[in-house]
Amino acid sequence: MTVIRARGLTKRFGKFAALRGVDLEVKHGEIYGFIGPNGAGKSTAIRVLLGIIKATSGEAEIFGRDAWKDAVEIHKRLAYVPGDVNLWPNLTGGEVIDLFMKLQGGKNKSRRDELIQKFNLDPSKKCRTYSKGNRQKVALVAAFASDADLYILDEPTSGLDPLMEKVFQQCVLDAKAEGKSVLLSSHILSEVERLCDRVGIIRQGEIIESGTLNELRHLTRTHLLIETKEPITDLESFKGVYELERKEDQTISFQIDSEELDGIIKHVSQYGLLKLESSPPTLEDLFMRHYEETGKPQASGAGGEA
Amino acid sequence: MWKQQFTKTGKMILFILRRDRIRLPVWLISLTFLTLITAIAFADLYSSDQERMAIAETMRNPAMTAMVGPGYGLDDYTIGAMMAHQMLLFTAIVVGIMSILLVTRHTRGDEEEGRIELIRSLPVGRLANLAATLIVLFSANVVLALLIGLGLFSLDIESMGLSYSLLFGAALGAAGFFFAAVTALFAQLSENSRGAIGYSFAVLGLAYIIRAIGDVSNETLSWFSPLGWILGTEVYVNNYWWPVWLTVGFTLLITAIALYLNTIRDLESGFLPSRPGKKQATPLLLSPFGLVLRLQRTSIISWGVGMFLIGASYGSVLGDLESFFASNEVMSQMLGEAGDVSLTEQFLTMIMAVMAMICTVPALLFMLKLKGEEKKNRTEHFISRSVSKWTLIGSYFTTSIVFGFVMLFLAVTGLWSASFSTMDEPISFLSLFNGGMVYLPAIWVMIGAAVLFTGLIPQLTGLSWLYLGYSFFVVYLGGLMQFPEWLGKLSPFGHIPQIPVEEFNLLNLALLTLIALLLTAAGFAGFKKRDLTG
């Protein structure tokens, strides 16, 4: 079952195209990571999904309903946390949380108080006195205290300390355990790696990569460190070998495209392997690889669509 | 040790001047300009003794005394005496407000934003910022005193000699001194800038009220109010300098206390306990409409009080109008030819138009608040929850419509209650009520225009203010300047029948209401369709 389905979303602001045909699917019960640098179009896409702005073309559906037309109905089952939480300076955090929960339609006082305690928030303080992190806590408490089926979180942890980030991650995992779906946009790649079932990478308004982490790893290189009895001299000539570095005579570190892995292992084993260390690519490697490359993004889609 | 606290005060002074290089001149120039223009207007409007005595008669009532202060110069109401009587107190209040806002901005305001922390981490004395702020403000008030004093003298109006004019300026400057020091004190006591501003304004308001009660009932009481000291100079009549020195003396005392408190407290702490807010929301807050009301609460209350006072101030002069108009050419010209209605009734219709337009200001403010909220990315909290866009804009629209009415009602009530006590044959509440409420359709059109802009082209909401300003100009001054009639007809206020002078014109009112409805509907539709910025 699909909770969020976007097809060919395009959004223009005058001449500038913030989104250029974004396809996105979040399935029931999964945590979908939405990553990309500032200005890539993450927040714009999320705002289209929330019906705050209207797509120039393309379809956006949540719970099978139109994100723009049925916004009010959809939002009854959805909770959103913006990355930059602006609150009313003369209301207290507690008042704002109550207001948000009421507007959402839910009323779960014990859950609210429990979360306030977990996030270590003082609800009696006026919002003007809150730091960025505390304002985010207000939005997070309101979101997780509501009984939503879908959580849309736009860089929700940018102001939280590591302890609070843990609490946040637990909240997300709890939501998942209850069968809820989450769209998490984030800069913190380790967080995405830990939480997300599937990931979409957006660049300049286009999804350039999407799929499970494993699928994505296939697209990338594995880091190898080998030590052999006899020196290998001809590695450079192999296809798919990058950043080759000879440490001492017999130790070589390099990266290898995943599809060439089989061939290279067969080759180096002839030289008498003494040591082999392999580390899987991190999401960061993946991310960096996409963004450091100039020119056209790679063709996307390998295993991404399910 | 003590001296070290002030290290780099000079640099801080330059820094503050740099930050306020626009703000400060704007305050000083507009205050000077307003004072001078009023003096010129007085000299023009009341050029003969007879006219001046006529206006003096309208001032002889407790309502006026409570509002502007004792009329010590009423027996020989020269232009100078008139300035001191009608303008000194209000200008002093504005100067006080300037000091309060600027001092808070540079002390508790900066501290709250964490900027003082940065300054303190540099080799700068602990008192440098507070001392620099006060030195800047004191200097600004001295400059203001000189500008106004010399400016008034330069107008070359009889009865406004050099030393007297300088005293007028000095009295205003002293008020600025005093409230700068008071604010510096509350910036130490309160933990946040809102508190500092709030307490300082409370002192200002209290000073006004104590003086008002004292002036009406017991003069000694007025001497407990710093504003009473300012009026105690009796400028242009008796010209006492000592109340100025008294005010400056108190200023220095309060300044010393503020500086001392600043040395003994921690950064970002205060002496007054900051009481914790509500941990939970009251049921009243829990809807978009409830929130809109709550956010505008202070604004609604202050506008309400203000409108009542404006109504009352007009009402308090109604009793003596006939004699006054008979002797004043300019005013009769402003009102146009008198038919079979009394001048008072004519004046009343003009008051109603003016009051209705002033009431439009809060109504527009309440409506356009939505745009401000959108700009600050706070409307997304509603739109991302199950609140429809119509509920959102509707909440602001309802507030605007309801309180547009309430404001007009309060103004009319103020007018009635004051006129009731000063007129020999009071006008009935009902006829005043009708004369005021007939302006509602015009106010609705203005609100409708604001809705339209908010919904379709939010960048242009400023035009609704321009339209109101235009209306004020053509309707209020149209008669005096003898504008062609169609200029007035471009404003909705120009189509309102001036009851009781004119016939009640249902068609005009119905058409205006229809236009208001159309504008509103178009605005709502546009708002539903357009992207929100946040």
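Just so we're clear, the structure is a prediction, and the values are computed from it rather than from any experiment.

J.: Would you explain the overall build of chain B in this entry?
T.: Scanning chain B from terminus to terminus reveals 25 helices and 0 strands. Compactness check: chain B gives a C-alpha radius of gyration of 25 Å against a globular reference of 24 Å for 534 residues, within 12% of the reference. Principal axes of the C-alpha set define a box for chain B whose edges measure 80 × 65 × 40 Å. Put simply, chain B shows about 23,400 Å² of open surface, and 67% of that area lies on carbon and sulfur atoms. The average position of the 33 basic charges and that of the 35 acidic charges among the side chains of chain B differ by 22 Å.

J.: What is the right way to read the sheet that holds strand S13 (residues 251-257) of chain A from this model?
T.: Picture the strands of a sheet paired through backbone hydrogen bonds; they go either parallel or antiparallel. All names here are of chain A. Spatially, 4 strands are ordered S12-S13-S11-S14 in an open sheet, and the strand pairing comes out antiparallel. The open sheet has two free edges, formed respectively by strand S12 (241-246) and strand S14 (273-279), since each of these has just one partner strand. Geometrically, the sheet is characterised by an average inter-axis angle of 15 degrees between neighbouring strands, direction not taken into account. Across 6 bridges, strand S11 (residues 221-228) lies against S14 in antiparallel orientation. Bridge pairing links Thr228 to Leu273 in S14. Here helix H9 (residues 261-269) sits on the sheet in contact with S11, S12, S13 and S14, set at roughly 5 degrees to S11.

J.: Before we go on, may I ask you to explain the domain arrangement of chain A in this structure?
T.: The extent of an interface is frequently quoted as the accessible surface area lost upon association of the parts. With domains assigned, chain A is organised as domain 1 (2-216) and domain 2 (221-280). Distance from the C-alpha centre of domain 1 of chain A to the C-alpha centre of domain 2 of chain A: 42 Å.

J.: Whenever I open this one, the environment of Trp2 of chain B confuses me. Can you help?
T.: All names here are of chain B. Relative to the helices and strands, Trp2 resides in the segment before helix H1 (9-19). Sequence spacing of Trp2 and Asp320 is 318 residues, and the spatial spacing of their C-alpha atoms is 61 Å. Apart from the residues lying within four places of it in its own chain, the contact partners of Trp2 are Leu127 and Thr263.

J.: What's the story with the packing of helix H20 (residues 389-422) of chain B against helix H22 (residues 440-456) of chain B in this structure? I'm lost.
T.: Two quantities define a packed helix pair, namely the angle between the helix axes and the distance between the axes. All names here are of chain B. For the pair H20 and H22, the least separation of the axes is 11 Å and the interaxial angle reads 155 degrees. Taken as axis vectors, H20 and H22 run roughly antiparallel relative to one another. In the packing of H20 onto H22, the handedness of the crossing is right-handed. Only Leu440, Ile443, Trp444, Ile447 and Val451 of H22 make contact with H20, whose side of the interface consists of Ile393, Phe397, Ser400, Ile401, Phe405 and Leu408.

What counts and what doesn't
Within any chain, residue numbers begin from 1 and follow the written order of that chain's sequence. Ligands are numbered from 1 and chains lettered from A, in the order in which they are written. Whole-chain, interface and lining totals are the exception, using all residues; otherwise, since this is a predicted model, local features are given only for residues with pLDDT of at least 70 and side-chain atom pairs are given and counted only at 80 or more. As a convention, hydrogens and water are excluded, and side-chain values are obtained from all of the structure's heavy atoms. Only DSSP runs of H or I with at least four residues qualify as helices, and only runs of E with at least two residues qualify as strands; both kinds are numbered from the N terminus onward. Throughout, the radius of gyration refers to the C-alpha atoms, and the reference size of a globule is 2.2 Å times the residue count to the power 0.38. Only the protein chains shown count as covering a residue, and every accessible area follows the Shrake-Rupley method with a 1.4 Å probe. Positive charge is attributed to Lys and Arg, negative charge to Asp and Glu, and no charge count is given to His or to the chain ends. By convention, the point assigned to a charge is CZ for Arg, NZ for Lys, CD for Glu and CG for Asp. Strands are treated as partners if at least two bridges between them are detected by DSSP. Axes here refer to lines fitted to C-alpha atoms; in helices the fit is confined to the stretch in contact. Angles between the N-to-C directions go from 0 to 180 degrees. In this analysis, two residues are considered to be in contact whenever any of their non-hydrogen atoms come within 4.5 Å of each other. Note that the domain bounds were set by an automatic or database domain assignment. Any angle between 65 and 115 degrees counts as roughly perpendicular, while under 35 counts as roughly parallel, over 145 as roughly antiparallel, and the rest as oblique. Left-handed is the label given to a crossing in which the near helix is rotated counterclockwise from the far helix by less than a right angle, and right-handed is the label when the rotation is clockwise.

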